[in-house]
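Structure at a glance
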Amino acid sequence: PYSTANGVITGDGSTPLNLTFKAILDKIEILKELARTNQPRPETIVIDSVGALVPLMQRWIIEKAGKSDWKQVDGRAGWGEIYDWLSNSLLYELHSLGYGVWLTGHLYEREIKISDEITERRVDINLSDALYDQRFIA
């Protein structure tokens, strides 16, 4: 996908796109085919950001499972599918085809209450501990 100067996501540079995980999967299949047939292609793929990608993946898993809500999906299976796709399908497969793959997250400040009198400010990343702990390295 592309985006316009004012940040609207488009499929072709001008037509607004309702971004779905299925659309991302379709683009990744095109990238794989370009690599397999040695066609001109980008050197690096950037997912900005994992925090925005995960909800798209959750909606896709909900629909695939025939459910109406993430809470109805078995947590271990649902999150396992997300982790597996990120590490295997996205990072490992694309890396093995010669692409550089970057996943971004965003930093934010949060306050942690230590006691009634003490509050500490910490910088954190907008990824779950479990997702961050996957240490995606291809």
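Rules of the game
- Along each chain, numbering runs from 1 in the same order as the chain's sequence is written.
- Selection of residues for local features in this predicted model requires a pLDDT of at least 70, selection of side-chain atom pairs for listing and counting requires 80 or more, and totals for whole chains, interfaces and linings are taken over all residues.
- Heavy atoms throughout the structure, all of them, feed into the side-chain values; hydrogens and water do not.
- Just to be clear on terms, a salt bridge is a Lys or Arg side-chain nitrogen sitting within 4 Å of an Asp or Glu carboxyl oxygen.
- Strands are runs of DSSP state E lasting at least 2 residues, helices are runs of H or I lasting at least 4, and numbering of each runs from the N terminus.
- Each residue is placed in one exposure class: buried if its accessible area under a 1.4 Å probe, protein chains only, is under 20% of its type's maximum, exposed if it is over 50%, and partly exposed if it falls in between.
- Pairing of aromatic rings covers Phe, Tyr and the six-membered ring of Trp, with a centre-to-centre limit of 6.5 Å; geometry is then stacked below 30 degrees between planes, edge-to-face above 60, and tilted otherwise.
- Note on definitions: angles span 0 to 180 degrees between N-to-C directions of axes, and those axes are lines fitted to C-alpha atoms, for helices only across the stretch in contact.
- Just so you know how the angles are binned, under 35 degrees is roughly parallel, over 145 roughly antiparallel, 65 to 115 roughly perpendicular, and the rest oblique.
- By definition, residues are in contact when any of their heavy atoms lie within 4.5 Å.
- Throughout, the ten residues Ala, Val, Leu, Ile, Met, Phe, Trp, Tyr, Cys and Pro are labelled nonpolar, Asp, Glu, Lys and Arg are labelled charged, and all others, Gly among them, are labelled polar.
- Two strands qualify as a pair provided that DSSP identifies no fewer than 2 bridges between them.

The next point concerns the pattern of salt bridges. Tallied over the full model, the rule gives ten salt bridges. Across the salt bridge formed by Glu111 and Arg121, the nearest N and O atoms sit 2.7 Å from each other. Linking Glu111 in strand S5 (residues 107-113) with Arg121 in strand S6 (residues 119-125), this pair joins segments that are ten residues apart in sequence. Using a relative accessible area of 49% as the deciding quantity, one classes Arg121 as partly exposed. Put simply, Arg122 and Glu120 hold a salt bridge, and the shortest N to O gap is 2.7 Å. Of the residues examined, Glu120 reaches a relative accessible area of 34% and is grouped as partly exposed.

So, about the packing of aromatic side chains. In total, this model carries four aromatic pairs according to the counting rule given. On the basis of an interplanar angle of 75° and a centroid distance of 4.9 Å, the ring pair of Phe21 and Trp85 is categorised as edge-to-face. Of the two residues, Phe21 sits in helix H1 (residues 21-36) while Trp85 sits in helix H3 (residues 75-96), which places them 64 residues apart along the sequence. Judged by its relative accessible area of 2%, Phe21 falls in the buried class.

A word on the packing of H1 against helix H2 (residues 50-64). Remark: H1 packs on H2, axes separated minimally by 8 Å, with the N-to-C direction vectors making an angle of 100°. Taken together, the axes of H1 and H2 are roughly perpendicular relative to one another. Between H1, through Phe21, Lys22, Ile24 and Leu25, and H2, the contact on the second element is made entirely by Leu53, Leu56, Met57 and Trp60. For the contact of H1 with H2, the residue count by class is seven nonpolar, no polar and one charged.

Turning to the pairing of S6, a few remarks are in order. Both S5 and S6 contribute to a ladder of seven bridges, which runs antiparallel. If you follow Arg110 over to S6, its bridge partner there is Arg122. With antiparallel pairing between neighbouring strands as the criterion, S5 and S6 make up a hairpin whose turn holds five residues.

Remember that the coordinates give geometry; whether it matters functionally is a separate question.
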